[in-house]
Structures are given as structure tokens and as C-alpha cells.
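# Architecture and fold: a report
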Amino acid sequence: MKSKVLILLMVLFALCSCQKEDPKEMDLSGEWQFKIDSLDQGVKEKWFLKTLDDTVHLPGSMAENGKGDDITVNTHWTGSMWNDSLWYKDPKYAKYRQPGNVKVSFWLSPKKVYTGAAWYQKKVVIPQSWQNQHINLGLERPHWETTVWVDDQEVGMENSLGTPHDYNLAKYLTPGEHTITIRIDNRVKDINPGVDAHSISDNTQTNWNGIVGDIKLTATSPIVFQNVKLFPNVKDKGVTVKGKVVNSSGKTQKGKIVLQAIESGSTNSLPPLEKEMEIEGEGDFEIDYPMGNDLLLWDEFDPNLYTMKLQLETQLGTSEKEVVFGMRSFEVNGKHFTVNGRPVYLRGTLECSIFPLTGYPSTDVDEWKRIFKTIRSYGLNHMRFHSYCPPEAAFRAADEMGVYVQVEASSWANIGDGEPVDEWIYKEAEDILNTYGNHPSFVMMAYGNEPSGKNHEEYLYKFVDHFKKLDNRRLYTSGAGWPLLDNLDYYNHKGPRIQGWAQELNSIINAKPPQTEFDYNELIQKTPMPYVSHEMGQWCVYPNFKEMSKYTGVLEPKNFEIFKETLEDNHLGHLADSLLMASGKLQVLCYKADIEAALRTKDMAGFQLLDLHDFPGQGTALVGVLDAFWEEKGYVSAEEFREFNSETVPLARMAKRVFLNDEDFTAKVEVAHYGEKPIKTVTPTWGLVDKEGNTFAKGEFAKTDIPIGNGFGLGEISLDLNEVDTPKKLTLTVYIGNHKNSWDVWVYPSKNTSIEKEDDIRVVQKFDAATINYLKNGGKVLLTINKGDIAADKGGDIGVGFSSIFWNTSWTKGQKPHTLGILTDPQHPALTEFPTEYHSNWQWWDAMSHSNAIVLDDFTSDLNPIVRVIDDWFENRRTALIFEVKVGKGKLLVSGIDLHSDLENRPEARQLLYSLKKYIASNRFDPKVELQPEDIKNLMKY
């Protein structure tokens, strides 16, 4: 019994001790009273004086709390559909516009959607110890306009999208009970940052309503630090600390500021430094703090961090602040960036506020570390935040992971025409700099994305000038995408891409035969500043339907459901995984070509991919080798991707990738090296092997030192190919220490052996009466169709190119190409003399560039093509490049590829023609599905 009493006394003593402590912070997370104000009557009816009749949990969004409206065809979206008739008017989507089965094809679907005002309310009890203290209400990541009342008094309004909303409540919160009421409005009103801006758009994070980060009251001395900024000076080995001290006591006070830097994650500290000052209402201070001769620098290889501890001691108490910073310089040297004086090349991706579980960006540091760890594993060192600014957690994670970030002032807008958004962008940018500017990872800034407005250039010139003078700790550009102005620190432009907007089949990758020589030297050399490629890539892949089970949060993959259902309706559901894998392999080829072209370009400063992971909005842009959760899809690993995208990448310049065996194989080999240090005394090697791993040739280059930079030549390879007597794929691999990179090439015989029983077959270009009669009498026919001969509704209107789809056909309103490569069985006897994988590779470039896709939807689903064209997932047609059928007593092989024009200059076409002829002349040519002559004729225009 005595022991129980003793324990009880100890508990009571502990409780009393806690009560006597002076709490400085009050966590307001948890249950809040709540009410939707869809009619916007709350202010007029003074809801801040009433007890709201519903509840939600904060932090969180309305959608997470199950509040809002169900999606209907009348839902008001925040975002452009561009090609809205595709969903709203197309008969084939009619069933997805019905109540109970509403499925939108353009983006992920929120379980609940709401735009308007909503009210949040909580009672708080202020302790006596907070009397005469500075009391701050901090709202991390509200969305987006907040108005605050304490009891019956309106405190104010804030509308930053990228930074916390802070309210000084000292004169409103006296000791005792009070009611805090917050009205949050997520409508686009007079300030319009652009409905497609990733800060607000349903295309990405959704236009949610709520507060999703820390919500707290903080009490401090009435004399506090504000807007503390640290300016590292790597050259002089010091840091200048600037800030403001605000005195709300009403009396002038004498105080002492004490600074001390400590290595983060360590007990190592530098000597303290003191400065006395007299403070009236507010006062600025500036202190130079020496970091010593052994200072640690911050960069991607060694992201060393310090914590600057600041104390302000006065008679009214002590105010403290801690600021994490890094000793780094990020500067321009001619056309290059340097970090701490060393050249750096930006290998970046975008983050477009894509968070499928929550519908808003994470405020958790560990989640951002996971994301940054992922992009680093794929060889990237940079992230651009497209038209939004991430939360504090992202900066902290980037600091620790050594990632360089570009932040934008929450806009994709019409600017410069005197609308309220013009002034708001300045405020938004200043808030971002004041809040996150000390983070060493924050190295670049733009107003936002792709500006428009008749006066946008003049506006952005002034914008850049203003912020370069205000805060020189980072570099500034106008807008991501354009325009080029002479006061920019760097140019972020769309020029360096192998496929651009509206280029369609006239792009480098689709109009020029395969090679690895081209670069962007002309663009770079005429641009008098560092040039970073804007939104490079945008290569699509077929949807991964296995991913759908991951959507366990507020967003549902209704768009994926549409695509899956239409695929199954057309008897192709069993091929879903194969379509993903084959198109994925092509997607990787396209990204490799894009990235290598950028790395080959001397003096280019970097690139920003769109995107390493999927963008499930703007029509559903499945452009990532990773899914929307930053996870692998199965067709390329981080190790494989890093071969052509890392700090050290071997590169080969080849004029072509298809050779005859009476030619010489030639390649010029170079390297792009942006490592921590030059590579000393290395001997690069190379090998050329076949698919079985047999070495055809190998060699080594001279031992050398490799400096930091690109365009450094290692040597040339020249080989006689006459020993290759059968068609082969060979793979060239170049090794530099632990780094390697590979390229496939193809070698075909300059003269193929004769085909046995070739006289028994007929090769024709038209399906005419003579051909029909020949088939009816038991003949074997190879029909190689002229490009353009297929009827529009049978595939003639399908734009076939080598590359995969750019962004997606919905958002681009049908830009070509409309296809995602091929799917075939590499063991099919028709392809015995044309070595291939199951997916597109460069030897198929010629075929895809001279072909029609043929739609087989009118025929039995038992008709399986020899070579299938992977169709756009919005259509999911059964499209073929090569198929075989019985016609009458005869056998017909139909090639949508032109295998008869200009053959003297098309070695791939000659070889494919040979392979098909050899097949149909053999006994293995035995089609199972029968069609009538009229079925074939109906495919044609003629």
C-alpha cells in the first residue's frame, strides 16, 4: 500500500512540475469545429461568433476529412482541359458522364472536391505566463487565403501560397479562454496565378482547402528576431548575418546579440560572437561572423551544414533562434554554373506538386528525403519546382541530400498588364526568399512557368533586377521557358530538345535517321549566359494498371480505369503488361537520346526533365520512368538509367547506327565529367559484343587525366565489319573506371544469300484484282503498302513515328506521333533475318518512318499481328504493322511498311524485306485466320 501511495505522490509531483514549467508553444493540431460556406454568408452572418456545427481534423484537407462535393459533369475545376470536347462531348465517353460512373480522363479524381470558403474554429486557453509575450499563430501550408478572428476581433488576412501564414496575436490573446476562427478560401478571385499553376491546379495537387502543416501558437519575449538572413562568403571564409529585431514592449531596451555556429550533426562549435544594440520599435543588425580556416563547404558531394544559434538577451527575457545554413557559393562563370568555384552541370527533373495520396505536397522531411534519394539514385542532382514553392520540409531534405533546387513564385500566369497578380507575385517571391532563403539547396529562382501577357517581358526585366538586388544568394531567371533578357543570370529555355511542342514528325528524333552526333552547340553559343534546357523529354509510356492499387488516399485513378476498360473492351486486356514494358523500353531510348545530346553539348549548363516520374494530369501525361509515387515500373532500374545520366558519362559520336558488313564501324568517344574532382590517370576501355555476350572487338584508349567538364575526347574506334556474315545487333560499351555507357548498332550483310523457292511468292504494292486472283488460286503474297494508302478510319489518320508520344495526345490536341512503338515476338520466324527485341529499337526507325498503322478492330480478336503498333491509350485500337491471313486458298502477309521505295538508301528496309520474303517462301508461313478479299480492300483508300 505504501508503494502505491509513493507512486501516486511521484505522479502528482511530476504533474505539478510540468504545470510550473513555462510552455512556449501550443500545438493546435487535432479536432477543430468546421463549417462549409458555399454561399459565402459566413462573414455577413458573423460565424466567428457562433459555434460551428461540424468537425474536422487538422492538419489535413477537406478531402481528407471527407468534406466537399462528389464529382459530376458540372464540377467546376481549377485547371484547363484544353481538348475538353474529348470528354464532355465524345460519344465514346458518354458512359463516363453518367451519375454514379463519372470518370474524368484528364487527371486524377478527388473523392471530394470543393472551391469556396470554409471555416475552422478552435478554443484555446492561454496560460498566465504568456502575459505581455509576443504570441504568434503559425499556419504552415494553408490553402490559400486565410482570414483570422480571435473571439469577435478580426486580426487580418494573408494569401501566400508558398509560405506559412503568421499572425501576431499578442494584443488579442490575454490569459484565459479564447476562440480562434479561421476562414479559408481556395477560389481564384482577383488574384489569378493561373488555373494551371501547380500551386493550385487540379491538374496536379488538386485545389484543396485546409491547413496541412504545423498549426501552433508560440510565445516569446516581446523583443524578437525577424527575417534573419545569412550570407555565406566562401572566399573570405565568413558569413554575414543580417536581420531585424522587433520590440513590442513600448519601451526602448538595451540588448545583446550572441551568435555561435555549430556543425550540424556534431558537437563541434565555433567561438561565440557578441554585439550590443539598443532597440526602440525595431532595428536592423548586420554582423560578420568568421567561420575559420577549416570551414566545411556545401555541395552535392558533401552537403555539410551548420546551425547558427542566435540569442537576444534583454531585461525582458531572452529570445532565441536557430538557422540552418551551408557555406556555398553558386555563381555564373561565362556559360557555366560553379559551386564553390567548381563547374557544375545540372541534371534535373521537375516536381509538379504530384502527391496522389494526399492531394497536396508533403510537409514531412523523411518523405522528401525519400524523393531526393530516388532522384539521386537515377543520377540527378537538381529539381525544379514547377510554378510552386515546396514546404520547409523539402528544403531541409534537399539541404541534407545535396540537391540543387529551382523555386518559383507559384505562378503560370498572364503578367505585366496591371492586374492584381502582378503585385502579388512580388510579395509571394519576397515571402519565399524571407522564409526559405537561408537554405543552401535553394540556388535558383524564377517568377514561375511560361509567362504570357503583352507586357510580360518588361515586367520580368524589372522582376529580375529587383530580386538580384534584394537577395544575391542565388541566381535568377525570368520565367521557366522564356523570355531571354539581358539581365538574367541564366536562361531556362525549351530549345534543347530532340522533340519540341508542335514539331510532331519533323523533330530530330523522328525526321533524322539514328545517329549520336547532334548537339545544341548553335543554340548554346549564341546565348550569352548559362543555358538550362526547359522541360526536356516528355516521353510517354503506356499506363501501368498494376499501379492503380496504390491510390489509397484522396485521389482515385479514374483516368486509368477508363483506359483499362477500353483496352479490355477491345480484347487487349491480356496485353496490358506487355504494352507497358515495350513502350517503356522505347521511352528509355528516347530519354537516353535526349540526355546524351545535352551532355555532348559543350558549354551547356544543364537540363530539366519533364519528368522522371509521371504527371497524372494535363490529359494524363505518363512521362515518367517512375510512377507518380516515385517508384519503378519494371522496365529500367536506377543503375541502368545512371549509365547515361550521372556525374561521369562516357559518350560516343556515331554518324549512324546501321551498317553493312562491307563498311567500317566508326565512333568518336568522349566523356562528360562533373564529379567532385578530376579523374586522374585512368585508362578508358571499350568492347563490342553480340547479344550472346561474345566479344567481336575490344580495345583501350590512352591513359589520361579527365578534367571537370564535357567534350573531352578519349579517342576513336574504327573497325572492319566484314567478319559479320549474318545480321547482328552489336553493343558498344565504353568503360571509365566504375562508369560505363552502351549503344546498340546493327550490321547486315551487304549481299544476302538467295531465297529458296523465291519464285513461288509474289511481292506487290497494291491489293488489286490480279493479286486477289493470285491468292484465290493458292498463291503466297507479300503486300507492302505505300505510305498513305490506308483509309483514314482504318489507321491512315494515325501519325506513326519512331519516338513515343510527346506529353499526350489529349493535352496537345492530337500532335503526332500517336503511337508508342512496337510489340512483337522476337522469335517469330518472319523476323529471323531481322534481329529484334520485343520492343522498338533504333533498327526500327526506318520502318516506323515509312509506315501506316493498320487498325484490325473490324476483324476477329484471334488475328494477332506479327508486329503490333502500340496505340495511344485514349484509343486502344488493335493496330498492326505486320500481320498475316488466309485469303481464299492463298496466304497473305500484309506489311504496313513501305518496303519498295528508295531501297538502295534503306538498308534496314532491304533486310526486313529479305526476312519477310524468306519467311513466306518457307513452309512456316501458315496463317490461321481467314479474311475475305473485301476485308483487305476495305482497309485501303483505293
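Everything below is about the structure shown above.
The paragraphs below set out a description of the structure included in this document. Note that this is a predicted model, so its numbers are computed, not measured. (Residues numbered from 1 in each chain as written. Predicted model: local features only at pLDDT ≥ 70, side-chain atom pairs only at ≥ 80, totals over all residues. Heavy atoms only, no water.)

### Thoughts on the pairing of strand E21 (residues 317–325)
Alignment of strand E20 (residues 306–314) against E21, held across 9 bridges, turns out to be antiparallel. By the bridge assignment for E21, Thr307 is matched with Val324. (Pairing = 2+ DSSP bridges. Helix = DSSP H or I, 4+ residues; strand = E, 2+ residues; numbered from the N terminus.)

### Structural notes on the pattern of salt bridges
Oppositely charged side chains may form a pair once their charged atoms are brought near each other. Evaluation of the coordinates by the stated rule reveals 50 salt bridges. We note a salt bridge from Arg347 to Glu300, for which the minimum N-O separation is 4.0 Å. Placement of the pair is Arg347 in strand E25 (residues 346–351) and Glu300 in the loop between strand E19 (282–290) and E20, with a sequence separation of 47 residues. Relative accessible area serves as the criterion here: at 2%, Arg347 is assigned to the buried category. Residues Glu367 and Arg370 are paired through a salt bridge, measuring 2.9 Å at the closest nitrogen-oxygen approach. Placement of both Glu367 and Arg370 in helix H3 (residues 365–377) is noted, with a separation of 3 residues, approximately one turn of the helix. Residue classification places Glu367 among the partly exposed positions, given a relative accessible area of 24%. The network of salt bridges with common partners includes Asp40, Glu145, Arg183, Asp185, Arg187 and Lys189. (Salt bridge = Lys/Arg side-chain N within 4 Å of Asp/Glu carboxyl O. Buried < 20%, exposed > 50% of the residue type's maximum accessible area, 1.4 Å probe, protein only.)

### Considerations on the nonpolar core
Judged by nonpolar contacts, the single largest core of 172 residues is most densely connected at Trp368, Val625, Phe641 and Trp844. When residues in this core are grouped by element, the largest group, 14 residues, is from helix H10 (residues 576–600). The contact partners of Trp368, leaving out residues within four places of it in the chain, are Glu351, Phe355, Pro361, Ser362, Phe385, Tyr388, Pro390, Pro391, Ala393, Ala394 and Ala397. Ranked by size, the runner-up nonpolar core spans 30 residues in total, among them Leu58, Ala118, Val124 and Ala219. (Core = buried A, V, L, I, M, F, W, Y, C linked by side-chain atoms within 4.5 Å. Contact = heavy atoms within 4.5 Å.)

### As for the sheet that holds strand E16 (residues 238–247)
Read from one edge to the other, the open sheet built from 3 strands follows the order E15-E16-E19, with strand pairing classed as antiparallel. Looking at strand neighbours, the two that pair on one side only are strand E15 (223–233) and E19, the edges of this open sheet. Strand after strand, the sheet turns through a mean of 20° between neighbouring axes, direction not considered. In this sheet, E16 lies alongside E15 in antiparallel orientation, the contact comprising 9 bridges. What sits directly across from Pro232, in E16, is Val239. (Axes fitted to C-alpha atoms, helices over the stretch in contact; angles between N-to-C directions.)

### Concerning helix H4 (residues 392–401)
Within the sequence span of H4, burial applies to Ala393, Ala394, Phe395, Ala397, Ala398 and Asp399. Contacts from the buried residues of H4 go to H3, strand E26 (382–385), strand E27 (404–411), helix H5 (420–436) and strand E28 (442–448).

### Details of the sheet that holds strand E9 (residues 145–150)
The strand order across the open sheet formed by 6 strands is E3-E2-E6-E12-E9-E10, and the pairing between neighbours is antiparallel. The strands lining the two open edges of the sheet, one partner per strand, are strand E3 (54–58) and strand E10 (153–158). The sheet shows a mean angle of 30° between the axes of neighbouring strands, taken without regard to direction.

### Brief notes about the side chain of Asn136
Examined against the element boundaries, Asn136 turns out to sit in strand E7 (residues 134–139). A polar contact is formed between the side chain of Asn136 and the side chain of Asp166, at a distance of 3.0 Å. With sequence-adjacent residues up to four places away left out, Asn136 is seen in contact with Asp166, Tyr167, Asn168, Lys216, Leu217 and Thr218. (Polar contact = N/O pair within 3.5 Å; in protein donor to acceptor, adjacent residues only side chain to side chain.)

### As for the packing of aromatic side chains
Here the distance between the centres and the angle between the planes together describe a pair of aromatic rings. Across all of its chains, the model carries 47 aromatic pairs by this definition. Three or more aromatic residues link up through ring pairs in this structure, and these residues are Trp298, Phe330, Phe337, Tyr404 and Tyr490. Directly above the aromatic system of Phe518 lies the positively charged group of Arg600, at a separation of 5.2 Å from the ring centroid. Here the guanidinium or amino end of Arg762 rests over the ring plane of Tyr774, the centre of that ring lying 3.9 Å away. (Phe/Tyr/Trp six-rings, centres within 6.5 Å; stacked < 30°, edge-to-face > 60°. Lys NZ or Arg CZ within 6 Å of the ring centre and 35° of its normal.)

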